[in-house]
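Each chain is listed here by its residues.
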2 protein chains.
Amino acid sequence: VQIDRSSGTPLRTQLAQAIRTAIDDGRLSYGVALPSSRALGEDLAVSRGVVVDAYAQLAAEGWLSARPGGTTRVAPPPVAQPGRRGASGGAAAEPRFDFRPGIPDLEAFPRAAWMAAMRQSFADAPAGALSYGDPQGVPALRQALASYLGRVRGVLTDPSLVIICSGLVQGVSLLCRVLRARGLSAVAVEDPGWRRGREVIAHCGLDPVAVPVDEEGLRVDRLAASATGAVMVTPAHQFPTGVALSSARRAALLAWSQKTGGLVIEDDYDAEYRYDHQPLGTLQALCPGRVVYAGSLSKTLAPALRLAWLVVPPGLVDDLVAVKAADDAGSPTLEQLTLARFMESGALDRHRRRSRLRYRAMRDRVVGTLAAHAPEVRPTGIAAGLHLLARLPPEMAEAEIVAAGARRSVGLYGLGFYAASDRPRPGALVIGFGAVPRHASQAALAALGATLAEGAAGARRSTARRHGALAAGPVPAQLPGA
Amino acid sequence: VQIDRSSGTPLRTQLAQAIRTAIDDGRLSYGVALPSSRALGEDLAVSRGVVVDAYAQLAAEGWLSARPGGTTRVAPPPVAQPGRRGASGGAAAEPRFDFRPGIPDLEAFPRAAWMAAMRQSFADAPAGALSYGDPQGVPALRQALASYLGRVRGVLTDPSLVIICSGLVQGVSLLCRVLRARGLSAVAVEDPGWRRGREVIAHCGLDPVAVPVDEEGLRVDRLAASATGAVMVTPAHQFPTGVALSSARRAALLAWSQKTGGLVIEDDYDAEYRYDHQPLGTLQALCPGRVVYAGSLSKTLAPALRLAWLVVPPGLVDDLVAVKAADDAGSPTLEQLTLARFMESGALDRHRRRSRLRYRAMRDRVVGTLAAHAPEVRPTGIAAGLHLLARLPPEMAEAEIVAAGARRSVGLYGLGFYAASDRPRPGALVIGFGAVPRHASQAALAALGATLAEGAAGARRSTARRHGALAAGPVPAQLPGA
């Protein structure tokens, strides 16, 4: 452990960070006893209180377990959470290690900064702010968002075109009902794509029309043939394949919109985390009059906040706000004021920067795990976001790997789960690396590696049997058709 | 000012309360300079710090204005708030004194207790609570509500039948869409009644059928003739007339439900504030299988929280939760956890008790103002809630009084605003006394009294002219037909 007395960072913070890193990279593994605070304090020539504080902080975060007067140890990875209510209403057991895509690291939620923003914005709010609010959203938040989205994502807008909604689910629902009232009967969606989005579209009485995605993103030629009046796309990092919409396709999509009057709904769900290049620009910045830009806090902070936004062309504002007002009279006010304060104070930018580094490191470790344990499994879509697509060779059946994961309590999700049609497609896993808590990441990656190694070994054996020969090394990573 | 050293209440709290009362009842009027903290401390034989604290508390609440080193004075009544967005989308100027019904005293919001509940529940929440929640509502809150509603309102339920929604607007919207999917085309509503409720029903594609209200509440005979399959009622304190549904009508309404299979939606919007009798029981307690019980925090704490609940018969739960999940995937989690904590700690009960005393006192002052300035205006519906109905004699035209109020920047609301049909009805004002801040109540009541006195005097003059005689005293309060 290195302590740098000249860095300006408090010693307890440095110490806690050093211990986190040691657990994270496996130098300290589950159950290892840490030195007593007195002993470690003497070793590092810091006061015992510094060590006590660092241990307490790490225990609160779940990295260490400590009993008063007892030994402090590295805590075991978390056990299953209480069951989530499934779509069927029944409670399903949660896997011990969950590679579910689309969930951020909830243990990294900046609780202290969020509570501080809440306390400050609440203290500043006049009594009138506790009455019914503007159903379009609190003006201070719409102002903060217009400025933030312009700066971070190049979105061209002003506060009068921003609509605050309770999660993107509500945003899609509002849009669908307005489009339906204007005579639309269908909305095109990406295949594979966001399953929940398709369900919401159908629930609003519109037909979700599946348009295939290839390595350049949405097949705009197929969209044009579908004769729908609106399309929902994820251009920056397609969900779930991870591909970016190519320049040619972007141009074609906007040309389609201009020619047919079709509306483009740009779901920018995780583009704030881009690792390998400068962030891709938005479609909205190219054509703000025909594109609805949609984003939320669910990937950046937490889904539980239920805060999302639409940036819309002027002609849609009044209808959308009318539906929002009839739905729930506007989202809760205090959380909107909190978010405005959180953005204005720079706390969101700080959280985003820290998270980006952490997620990039986690992505690299997932890629490394694949390479080490199952080199025939090829990671793609890794340039951004909280998940990657692990393409399986034909010998490795998606459903079998998912089942093998379940046996080890490793939550894996096949690409088939996101398919909107029966089109043939290669097998793949959508591996989310946001939801795995950092203090469990070592064990989670080991379990992932073991699952994939088992699947790859089984595939090699069956290939060898089919070929009537002994297996002689790994199958090449680049299989035709994969 | 009386200070009681044996009461157990801190001296600063006693002093602040005594000053509030003095401002409230007019002994201290706007602009009056208070003694210096040193001088008042000496007068009362308390330390200067006690006076400083009391002044600071009152300044924070808006009763006093103070500059550091300057004189502390009684603060002026509040000026107009920034405009609310009206139904038309334009900003309307707010009246200086607003007797709008249905808004609680937002300056009395228990900010410290709410923030404490939020801080504690946030600190206790595991990281998993920051993910997507149960769309039916956080289990801890449903549990707390089932117990609270059973204790306070006699509602018969358990947590599995409670659905948390974002305000009662969303509750009505969810119900309407489920009823429509089951084949209903209309929902009966009270006339006069909750205007927003009618709008939401219509927005969901159902026909709001107006059923008249008389001095016993809803005309159940007319409901039976309307052939609708559901009815929304306010049995405890009809909105806006304030009458309670009579025992005979309750029995008739439940008999209608049993006979036709019709659903009763019981909107218990303000029955927690009952002044003159024991609270009336709920319809739900008499027939939980045919009644949806609906309530919210909007009258008890603040509309900005957007927290409401439905208690529903078992056969409706799954459909309602499915619509809620498709609408917004559930209400924000942290506020639900906060409310659960707020209820369990007893803070909601304390706030309710305090508020009840305050609203009852305010109701008495409004009644007294009517008696003193316009005895021909007859207050009714005063046994509960945050508003009363002031019935006008035929000579006093509702619209003219509302206009006279507007000229004095007194927000008055005629009964006609709530009418759902063109049926002839007596003129009346719906006078809300929740939204008037306490520190402005003296001025607000004076302005209300002056407005009504002007209207009454004008009515007397025109009556006298019509009768060709000089006005000789006030018109009798009990006019035929009023």
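In this text the structure is predicted, and so the values were computed from the model without any measurement.

### Quick word on the overall build of chain A
Regarding its fold elements, chain A presents 15 helices and 17 strands. The globule rule puts the C-alpha radius of gyration for 482 residues at 23 Å, and the 24 Å found for chain A is close to it. Dimensions of chain A along its principal axes, counting C-alpha atoms only, are 75 × 70 × 45 Å. Expressed as a percentage of its 482 residues, the buried residues of chain A come to 55%.

### Some remarks on the side chain of B:E376
Residues and elements named next belong to chain B. With respect to the element layout, E376 can be found in the loop between α13 (347–373) and β14 (378–380). Under the relative-accessibility criterion, E376 is labelled buried at 3%. In this structure the side chain of E376 is engaged in a polar contact, spanning 2.9 Å, whose partner is the side chain of R460.

### Regarding the packing of helix α14 (residues 398–407) of chain A against helix α15 (residues 441–467) of chain A
All names here are of chain A. Here α14 crosses α15 at 135°, and the two axes come no closer than 9 Å. Of the possible angle classes, the one that applies to α14 and α15 is oblique. For α14 against α15, the interelement crossing comes out right-handed. Taken together, the residues of α15 that come into contact with α14 (itself represented by I401, A404, G405 and R407) are T451, L452, E454 and G455.

### Considering helix α6 (residues 167–181) of chain B
Residue and element names in this part refer to chain B. Over its 15 residues, α6 extends 22 Å from the first C-alpha to the last, a length consistent with the 21 Å expected when each residue adds 1.5 Å. Within α6, 13 of the 15 residues are buried, which leaves the element mostly enclosed by the surrounding structure. The positive-phi residue at the C-terminal boundary of α6 is G183, with phi of around 105°.

### Thoughts on the pairing of strand β13 (residues 308–311) of chain B
Residue and element names in this part refer to chain B. Where burial is concerned, the two faces of β13 agree: the one with A308 and L310 and the one with W309 and V311 are both buried. Relative to β13, strand β6 (residues 162–165) runs antiparallel, the two being bridged by 4 bridges. Bridge pairing in β13 places I163 opposite L310. Note that strand β12 (residues 291–296) and β13 share 4 bridges and pair antiparallel. Across the sheet, the residue bridging to A294 is L310, located in β13.

### Considerations on the pattern of salt bridges
Inspection of the entire model under this criterion finds 42 salt bridges over all chains. Between B:R352 and B:D349 there is a salt bridge, with its nearest N and O atoms 2.7 Å apart. With B:R352 and B:D349 both in helix α13, this residue pair falls 3 residues apart, about one helical turn. Exposure class is identical for B:R352 and B:D349. Each is buried. Salt bridges linked by common partners bring A:R151, A:D349 and A:R352 together as one network.

### Notes on the relation of the copies chain B and chain A
In this arrangement, two copies of a chain are superimposed by a rotation about an axis accompanied by a shift along the axis. The transform that puts chain B on chain A rotates by 180° and translates by 0.0 Å along the axis, for an RMSD of 0.2 Å. Read as a symmetry element, the transformation amounts to a two-fold axis. Looking at chain B, 100% of its interface residues are interface residues in chain A too, so the copies touch through the same face.

### Structural notes on the sheet that holds strand β15 (residues 387–391) of chain B
Residue and element names in this part refer to chain B. Here we have 3 strands laid out as an open sheet, ordered β14-β15-β17, and antiparallel in their pairing. In the strand order of this sheet, the two ends are held by β14 and β17 (428–432), each with one partner. Looking at each pair of strands side by side, their axes are set apart by 30° on average, direction ignored. Here β14 pairs with β15 via 3 bridges, running antiparallel. In the strand pairing of β15, T380 is matched with L389.

### Describing the interface of chain B and chain A
Counting residues at the interface gives 55 residues for chain B, matched by 55 residues for chain A. Around 4500 Å² of area is buried between chain B and chain A when both sides are counted, 60% of it from carbon and sulfur atoms. Where chain B packs against chain A, one counts 0 salt bridges. Viewed at the interface, chain A and chain B are joined by 17 residue pairs in polar contact (both at pLDDT 80 or more). Mapped onto the side of chain B that touches chain A, the elements with two or more residues apiece are β3 (84–85), α4 (111–124), α6, α7 (195–203), α11 (317–328) and α12 (333–344) of chain B. Here the element with the most residues in the side of chain B that touches chain A is α11(B); it accounts for 8 residues. Looking at side-chain class alone, the side of chain B that touches chain A contains 29 nonpolar, 12 polar and 14 charged residues.

### Remarks on unusual backbone geometry
Across the chain, the bulk of peptide bonds are trans and the bulk of non-glycine residues have phi less than zero. Cis rather than trans, the peptide bond between A:D191 and A:P192 has omega equal to 0°. Here the bond from B:F239 into B:P240 is cis, since omega is 5°, no more than 30 degrees from zero. Relative to the helices and strands, B:P240 is located in the loop between β10 (230–233) and α9 (247–260). With phi around 60°, A:A329 is a residue other than glycine that occupies positive phi space. Note on placement: A:A329 falls in the loop between α11 (317–328) and α12 (333–344). For B:S409, which is not glycine, the phi dihedral falls at a positive 60°. Along the chain, B:S409 falls in the loop between α14 (398–407) and β16 (410–411).

### Digging into helix α5 (residues 139–153) of chain A
Residue and element names in this part refer to chain A. In a regular helix each residue adds 1.5 Å, so 15 residues correspond to 21 Å; α5 covers 20 Å between its end C-alpha atoms and thus fits that length. Burial in α5 covers these residues: L141, R142, A144, L145, A146, Y148, L149, V152 and R153. Here the buried face of α5 lies against β6 (162–165), β12 (291–296), β13 (308–311), α12 and α13 (347–373). Immediately beyond the C-terminal end of α5, within one or two residues, lies G154, with a positive phi of roughly 70°.

### Things to note about the side chain of A:K324
Residue and element names in this part refer to chain A. One can find K324 in helix α11. For K324, a relative accessible area of 0% corresponds to the buried category. Within polar-contact distance, the side chain of K324 engages the side chain of S331 at 2.8 Å. Residues in contact with K324, not counting those within four places in the same chain, are P135, I164, C165, S166, Q170, L174, A329, G330 and S331.

### Remarks on the packing of aromatic side chains
Applying the stated criterion across every chain, the model contains 14 aromatic pairs over all chains. Ring geometry for A:F109 against B:F122: centres 5.9 Å apart, planes inclined by 85°, an arrangement best described as edge-to-face. Note that A:F109 is positioned in the loop between β5 (97–98) and α4 (111–124) and B:F122 in helix α4, a pairing that runs across two chains. Both residues of the pair, A:F109 and B:F122, belong to the buried class. Both rings, one in A:Y273 and one in A:Y359, keep their centres 5.1 Å apart while their planes meet at 70°; by these two values the pair is edge-to-face.

### Focus: the sheet that holds strand β15 (residues 387–391) of chain A
Residue and element names in this part refer to chain A. Here 3 strands make up an open sheet; going across it, the order is β14-β15-β17 and the pairing antiparallel. If you trace the sheet from one side to the other, it starts and ends with β14 (378–380) and β17 (428–432), each paired once. Sheet twist, expressed as the mean angle between neighbouring strand axes with direction ignored, is 30°. Running over the sheet, α13 touches β14, β15 and β17 and is turned about 15° from β15.

### So, the nonpolar core
Counting 78 residues, the largest nonpolar core has A:W114, A:W309, B:W114 and B:W309 as its most contacted members. When sequence neighbours within four positions are dropped, the list of residues in contact with B:W114 reads A:F122, A:L334, B:F109, B:L297, B:L301, B:L305, B:E335, B:T338, B:L339 and B:F342.

### Quick look at the confidence of the model for chain A
All names here are of chain A. On average, residues of chain A score 87 in pLDDT, and 92% of them reach the 70 mark or higher. Segment residues 79–92 is flagged for pLDDT under 50; beyond a separation of four residues in sequence, or across chains, it makes 20 contacts in the model. This model gives residues 469–482 a pLDDT under 50, and the stretch forms 23 contacts once residues within four places in sequence are excluded. Taken over the whole predicted complex, pTM reads 0.80, whereas the ipTM for its chain interfaces reads 0.78.

So, how was this worked out
Residues numbered from 1 in each chain as written. Chains lettered and ligands numbered in written order. Predicted model: local features only at pLDDT ≥ 70, side-chain atom pairs only at ≥ 80, totals over all residues. Heavy atoms only, no water. Helix = DSSP H or I, 4+ residues; strand = E, 2+ residues; numbered from the N terminus. Rg over C-alpha atoms; globule rule 2.2 N^0.38 Å. Buried < 20%, exposed > 50% of the residue type's maximum accessible area, 1.4 Å probe, protein only. Polar contact = N/O pair within 3.5 Å; in protein donor to acceptor, adjacent residues only side chain to side chain. Axes fitted to C-alpha atoms, helices over the stretch in contact; angles between N-to-C directions. Parallel < 35°, antiparallel > 145°, perpendicular 65-115°, else oblique. Left-handed = near helix turned anticlockwise from the far one by under 90°. Contact = heavy atoms within 4.5 Å. Expected span 1.5 Å × (residues − 1). Pairing = 2+ DSSP bridges. Salt bridge = Lys/Arg side-chain N within 4 Å of Asp/Glu carboxyl O. Least-squares fit on C-alpha atoms with pLDDT ≥ 70 in both. Buried area = accessible area lost by both parts, 1.4 Å probe. Nonpolar A, V, L, I, M, F, W, Y, C, P; charged D, E, K, R; others polar. Phe/Tyr/Trp six-rings, centres within 6.5 Å; stacked < 30°, edge-to-face > 60°. Core = buried A, V, L, I, M, F, W, Y, C linked by side-chain atoms within 4.5 Å. pLDDT = per-residue confidence, 0-100.

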